[in-house]
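Below, each chain spelled out in residue letters.
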Amino acid sequence: MNTSKHKSIIGSQPDSRGHFGPYGGIFASETLMAALEELQEAYERYLQDPDFIAELDDDLRHYVGRPSPLYFAQRWSESLGGASLYLKREDLNHTGAHKINNTVGQALLAKRMGKRRIIAETGAGQHGVATATVAARLGLECVVYMGVEDIQRQAINVYRMKLLGAQVVAVESGSKTLKDALNEAMRDWVTHVDDTFYIIGTVAGPHPYPAMVRDFQAIIGREARAQILDQASRLPDALVACVGGGSNAMGLFYPFLDDMEVALHGVEGGGEGLETGHHAAPLCMGRVGVLHGNRTYLMENDDGQINATHSISAGLDYPGVGPEHAWLKDSGRAAYHAVTDDEALRAFHELTRIEGIMPALESSHAIAYGAKIARKMTPDNIVIVNLSGRGDKDIHTVAEIEGMTL
Amino acid sequence: MSRISRRFAALEKSKRRALIPFVTAGDPRPEVTVPLLHEMVAAGADVLELGVPFSDPMADGPVIQRASERALAQGICLHRVLGMVKEFREQDDETPVVLMGYLNPYEAMGYDVFAQAAGAAGVDGVLTVDLPPEEADEFVCALDGVGIDPIFLIAPTTTTQRVAAICARARGFVYYVSLKGVTGSQMADIDSIAAKITEIKAHTRLPVGVGFGIRDGASAARVARVSDAVVIGSILVQKLEELAHHPAEISVKVPALVAEIRAAMDAEGERI
């Protein structure tokens, strides 16, 4: 395989204006352009600042609880009779998901930039909780936008955010889910651009967000790479991660991009099945367009209007995807697949019963796909699945589907 | 000379400021829009801004968001918006029409296909809220091919460097967003608007229009004092929303609002 081509192309992404090949960029209101330039300048400066890096590392270690374990799921692997499956335990981070890796980083940046007010959008509530958490710790005002649909299905996270002192604003416009929360957060930012830092939770949005969020999340892949070399003395054959906006996947994949022998698998929310149209799989089924500040694959109709999406997991219920994933798809470096609600639900139960680990419904999509490819392999093969979050937040959803009242 | 240039040149001669009303195409009913455009011209509008509805209008406040939702719910798509412009042109070949919207519907149609269709329909300018000049090369090239002006925005936060770069690319007129916020917010103070317009004028000879936050005759008159054009949107769309279930009244009450603002601007003009 010609590995040099991928190395040279992928390693240099994005360009100075945030383009990953034809994707990404800055498609934002003029009012935000100065703020985006200020953020890009600050981010590039602090990334080189040993003092900033030391503070970030210290927070990740002592506050988030890193490094997260890379766990060999022996019983699960044996039950499938195929590859050796390892789980990257992002569910064990403070607040229970990978989201806090990024919010710790962006909040430290906000503090250094002198911003007093933090805003965020959230779908499943994990990013909202992770943002409210760091805002509480740094004493910053925090407003979280959340679609009313998501507020209903993630009531526990809403209450957590409130306990943490955040104001949760219910978004009633559009489809009342994550994309509309993002619109509303953008509107807030345009209005309070002087004193407000917008912590975007995924590898989407206008430049520099996709690259910045990826860089803050890349700790997942850096650790996993060192851990598997330590535990198995070799690189894995494949990585698997779920993709909504795609931050946990990008964080895991990024440090492995140049390891061409490692296959990269992103798993989208297949909802009721790709053939039904009720899904959240823009990389599998969408087309290229511009939304939320970047060019990427989108779920849209022929008129360029954004479609409502469907997934059992609120965190995957998004019609776009980070532009770097779009680029990785086109370049062939990563492959993208979809797992249905039912398959994810079965994986949720399977992992819970076999390993005593309850995955988030988002992560359950990666678990399901990991099992699918592991079955076709042998125990010498190694697959790392990103267990991006814990499933406690989803037990009401699961119970309701199964006809139980808690 | 384009319709936009001709219109501003004529206004300059008569010492009149342009009044630019905005309505969303198809709101509250598809059949209302074209007659309303004619009635607004009769009431004193000089340039028309026609909103292309979009599912995710990030730069708009709740009033224009709801207008987009109403239009989309009735099946308004970019093809039908262009059809409305074409119909309008059958009776009015002078009044410039500027489309205001977001990039994705144009992307979905294809830049060249859109530009050809828009040019043929009689569109004069396209203002795209989420398309800064840095990303606009390909789109502007397509518009250039059919003589449509790309209208660019400048905001209170736009740096001096960017003002220069935007002015270098702008055609038709420059649209100054008078406030940090979404459409329909409270207007900023007139002195800061005047100062920014002076800065813009140092970089371009194009007319400068001001929009976002102008809500009545008095604020329109204040803005008219310091700019070349006044854009009114949310107050008209608000009125259309109120009259959504009384469509017969739209042709009376909405043009009356335009006329009221026109009168306030003209009275101010006589005082200058």
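Residues numbered from 1 in each chain as written. Chains lettered and ligands numbered in written order. Predicted model: local features only at pLDDT ≥ 70, side-chain atom pairs only at ≥ 80, totals over all residues. Heavy atoms only, no water.

Notes on the nonpolar core
And step 1. With 89 residues, the main nonpolar core has Leu109(A), Trp189(A), Tyr198(A) and Phe253(A) as its most contacted residues.
And step 2. Those residues in contact with Leu109(A), other than ones at most four positions away along the chain, are Leu39(A), Ala42(A), Tyr43(A), Tyr46(A), Phe52(A), Phe197(A) and Met212(A). (Core = buried A, V, L, I, M, F, W, Y, C linked by side-chain atoms within 4.5 Å. Buried < 20%, exposed > 50% of the residue type's maximum accessible area, 1.4 Å probe, protein only. Contact = heavy atoms within 4.5 Å.)

Notes on the sheet that holds strand S6 (residues 141-147) of chain A
Hydrogen bonds between backbone groups are what pair the strands of a sheet, and the pairing can be parallel or antiparallel.
Residue and element names in this part refer to chain A.
And step 1. Judged by pairing direction, the sheet is parallel, and its four strands sit side by side in the order S7-S6-S5-S8 without closing on themselves. Sheet topology places strand S7 (167-171) and strand S8 (196-198) at the edges, where each strand pairs with a single neighbour. Neighbour-to-neighbour, the strand axes of this sheet turn through a mean angle of 25°, independent of strand direction.
And step 2. Taken together, the six bridges between strand S5 (residues 117-122) and S6 define a ladder with parallel strand orientation. Looking at the pairing, Ile-118 lines up with Cys-142 of S6. (Pairing = 2+ DSSP bridges. Helix = DSSP H or I, 4+ residues; strand = E, 2+ residues; numbered from the N terminus. Axes fitted to C-alpha atoms, helices over the stretch in contact; angles between N-to-C directions.)

Focus on a nonpolar patch on the surface
And step 1. A grouping of Met358(A), Ile395(A), Met404(A) and Leu406(A) is seen on the molecular surface, where their side chains present a nonpolar patch of about 380 Å² in accessible area.
And step 2. Within the secondary structure, Met404(A) sits in the segment after helix H17 (395-401). (Patch = residues over 30% accessible without salt bridge, like charges linked within 9 Å, V, L, I, M, F, W, Y side chains within 5 Å. Areas by Shrake-Rupley, 256 points an atom, 1.4 Å probe, with all protein chains shown as cover. Salt bridge = Lys/Arg side-chain N within 4 Å of Asp/Glu carboxyl O.)

Re the interface of chain B and chain A
Frequently, the measure chosen for interface size is the accessible area removed from exposure when the parts meet.
And step 1. Across the boundary between the two partners, chain B contributes 38 residues, which contact 39 residues of chain A.
And step 2. Carbon and sulfur atoms supply 48% of the area that chain B and chain A bury against each other, a total of about 2900 Å² over both sides.
And step 3. Considering only the side of chain B, the residues that lose the most area to chain A are Asp56(B), Met58(B) and Glu135(B), jointly responsible for 22% of the buried surface there.
And step 4. With a shortest N-O distance of 2.9 Å, Lys179(A) and Asp56(B) are connected by a salt bridge. (Buried area = accessible area lost by both parts, 1.4 Å probe.)

Regarding the layout of surface pockets
Residue and element names in this part refer to chain B.
And step 1. Approximately 360 Å³ is the volume attributed to the largest pocket.
And step 2. Lining the largest pocket are 21 residues, with Leu-11, Glu-12, Arg-16, Arg-17 and Asp-228 sitting closest to its centre.
And step 3. When residues of the lining of the largest pocket are traced back to their parent elements, those giving at least two are helix H1 (3-13), helix H10 (217-226) and helix H12 (247-271).
And step 4. Sorting elements by how many residues they give to the lining of the largest pocket places H1 first, with five residues.
And step 5. Class assignment for the residues of the lining of the largest pocket results in nine nonpolar, three polar and nine charged. (1 Å grid on protein atoms, 1.4 Å probe; cavity = no way out; pocket = protein on both sides within 12 Å on 5 of 7 lines; lining within 4 Å. Points joined across faces, edges and corners; volume = space filled by probe spheres on them. Nonpolar A, V, L, I, M, F, W, Y, C, P; charged D, E, K, R; others polar.)

Details of the packing of aromatic side chains
And step 1. Per the counting criterion, the structure on display carries 14 aromatic pairs over all chains.
And step 2. Arranged with centres 5.9 Å apart and planes meeting at 70°, the rings of Trp189(A) and Tyr198(A) form a pair that is edge-to-face.
And step 3. Ring centres of Tyr198(A) and Tyr209(A) lie 6.2 Å apart, and the angle between their planes is 55°; on these two criteria the pair is classed as tilted. Taken together, the residues span a long stretch of sequence, with Tyr198(A) in strand S8 and Tyr209(A) in helix H10 (residues 209-217) at a distance of eleven residues. By the burial criterion, Tyr198(A) is buried, and Tyr209(A) matches it.
And step 4. By way of ring pairs, the aromatic residues Tyr106(B), Tyr111(B), Phe114(B) and Phe139(B) are connected into one cluster.
And step 5. Residue placement shows Arg214(A) over the ring face of Tyr254(A); its charged tip is 4.0 Å from the ring centre.
And step 6. Here the guanidinium or amino end of Lys329(A) rests over the ring plane of Tyr297(A), the centre of that ring lying 5.4 Å away. (Phe/Tyr/Trp six-rings, centres within 6.5 Å; stacked < 30°, edge-to-face > 60°. Lys NZ or Arg CZ within 6 Å of the ring centre and 35° of its normal.)

Focus: empty space enclosed by the protein
And step 1. Taken as a whole and assessed by the stated rule, the structure comprises nine cavities of 30 Å³ or more.
And step 2. Here the largest cavity defines a volume of roughly 340 Å³.
And step 3. Every residue lining the largest cavity is counted, 30 residues in all, and those nearest its centre are His98(A), Lys99(A), Gly315(A), Leu316(A) and Glu362(A).
And step 4. Of all the secondary-structure elements, those providing two or more residues to the lining of the largest cavity are S5, helix H6 (126-138), helix H9 (178-191), helix H12 (247-253) and helix H16 (361-374) of chain A.
And step 5. A class-by-class count of the residues in the lining of the largest cavity yields nine nonpolar, 17 polar and four charged.
And step 6. In this structure, the second largest cavity spans a volume of roughly 100 Å³.
And step 7. Of all elements in the fold, only strand S1 (18-24), helix H3 (62-73) and strand S3 (97-101) of chain B reach the threshold of two or more residues within the lining of the second largest cavity.
And step 8. Looking at the lining of the second largest cavity, its residues break down into eight nonpolar, four polar and one charged.

A look at the confidence of the model for chain A
And step 1. Considering every residue of chain A, the mean pLDDT works out to 94; 97% of them sit at 70 or more.
And step 2. Across residues 1-9 of chain A, confidence stays below pLDDT 50; counting only partners more than four residues off in sequence or on other chains, it has eight contacts. (pLDDT = per-residue confidence, 0-100.)

Looking at the sheet that holds strand S10 (residues 263-271) of chain A
All names here are of chain A.
And step 1. Overall, mixed pairing links the six strands, which are arranged S3-S4-S14-S9-S10-S13 in an open sheet. The two strands at the open ends of the sheet, each matched to only one other strand, are strand S3 (70-72) and strand S13 (334-340). Each adjacent strand pair in this sheet contributes to an overall mean axis angle of 25°, direction not counted.
And step 2. As defined by bridge partners, strand S9 (residues 238-242) adjoins strand S14 (residues 382-387) across three bridges and the pair is classed as parallel. Following the sheet pairing, Leu-239 is matched in S14 by Ile-384.
And step 3. Sitting on the sheet, helix H11 (residues 219-232) touches S3, strand S4 (84-89) and S14, and the angle it makes with S4 is about 140°.
And step 4. Packing against the sheet, H16 makes contact with S4, S9, S10, S13 and S14, and its axis sits at approximately 150° to S9.

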